[in-house]
Amino acid sequence: MKDYLSQDQIRTGNLILVSARHPLGETKAPGLVPALPGFEDILLAPQAAKALLLLTEDLGCQGQIVPVSGWRSPGQQRQIYEDSLAENGPEFTRQFVALPGCSEHQTGLAIDLGLASPRIDFIRPDFPYRGICQAFREKAPSYGFIQRYRAEWESVTGIAHEPWHFRYVGRPHACLMTHLGLSLEEYLDFLTGYPLGSPPLLCQAGGAWASLSYLPLSALTEPLTQQQLAGRSSSLEISGDNKMGFILTRWE
Ligand SMILES: [Zn+2]
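Everything numeric in this text was worked out from a predicted model, so none of it was measured. (Residues numbered from 1 in each chain as written. Predicted model: local features only at pLDDT ≥ 70, side-chain atom pairs only at ≥ 80, totals over all residues.)

Asker: Break down the sheet that holds strand β8 (residues 201-205) for me, citing the residues and quoting the values.
Answerer: Reading across the sheet, the four strands line up as β8-β9-β12-β11 and stay open at both edges, with antiparallel pairing between neighbours. Each end of this open sheet is capped by a strand with a single partner; those strands are β8 and β11 (235-240). Between one strand and the next, the sheet's axes are offset by a mean angle of 25°, whatever the strand orientation. Bridge count for strand β9 (residues 208-216) against strand β12 (residues 245-251) is seven bridges, and the pairing is antiparallel. Within β12, the position partnered with Ala-210 by the bridge is Trp-251. (Pairing = 2+ DSSP bridges. Helix = DSSP H or I, 4+ residues; strand = E, 2+ residues; numbered from the N terminus. Axes fitted to C-alpha atoms, helices over the stretch in contact; angles between N-to-C directions.)

Have a look at this one:
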């Protein structure tokens, strides 16, 4: 994070929305690390990989749940899209494979997971609503992950139901989204109701209090320093939404 918040950071941070309506475009690849030890060719942003490791250690599910696909370059996403078009046809591809530039796998914050098996479907890995996979799903928000594409959100996300696709958004956002039953699209709209300067949204996560505020791009008429934005809070996280503004997460 730079010392100053400026408009060009709208496409960075744990809460950026990437979809067909909100493409990420060509961005610099994030700093990447292996998604989990032993899976050196499947990469994630460091904060997502760290949370995934802690979550799998907490559940003791190493070897039972395996990463299938993490970060993808725009070129890799194009190849997956074209391969799926050729193999599965346009109807299937439109439902399950995002267009190049429109996949949140490009952020390094999304991971497809599968139940370990000798044969794993790359596009639709098995991740059932029972057993260890369901235990993972229920614990995921405490570590900052959400199941991104639920059946009831298809009209909102534009992507079909994907039980295997998890997105890192960080705490307290994952807990709050789960508690409120909101998709990422709906959650970002909801947060615009807490503009900086008005009372923030207060929430508790892991024993600490966080206050959440929204800073619209239109209010950022000049670069603001981290210090100006942090106020009296002990730490500050800023994420763009890849749309119209920034979400400020201040820890008390
Ligand atoms: Zn995915």
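Asker: Give a detailed account of the environment of Arg-72, specifying residues and quantitative values.
Answerer: Secondary-structure assignment places Arg-72 in the loop between β4 (65-69) and α2 (74-96). Separated by 38 residues in sequence, Arg-72 and Pro-34 place their C-alpha atoms 13 Å apart. Contacts of Arg-72, omitting those with residues within four sequence positions, involve Gln-77, Ser-103, His-105 and Gln-106. (Contact = placed C-beta atoms within 7 Å.)

Asker: Any details on the domain arrangement of the protein chain? Residues and values, ideally.
Answerer: Domains assigned within the protein chain are domain 1 (1-16 + 192-252) and domain 2 (31-71 + 108-189). Relative placement of domain 1 and domain 2: their C-alpha centres are 24 Å apart. Across the contact, nine residues belong to domain 1 and eleven residues belong to domain 2. Residues belonging to the side of domain 1 that touches domain 2 are distributed by class as follows: four nonpolar, three polar and two charged. (Domains from an automatic or database assignment. Nonpolar A, V, L, I, M, F, W, Y, C, P; charged D, E, K, R; others polar.)

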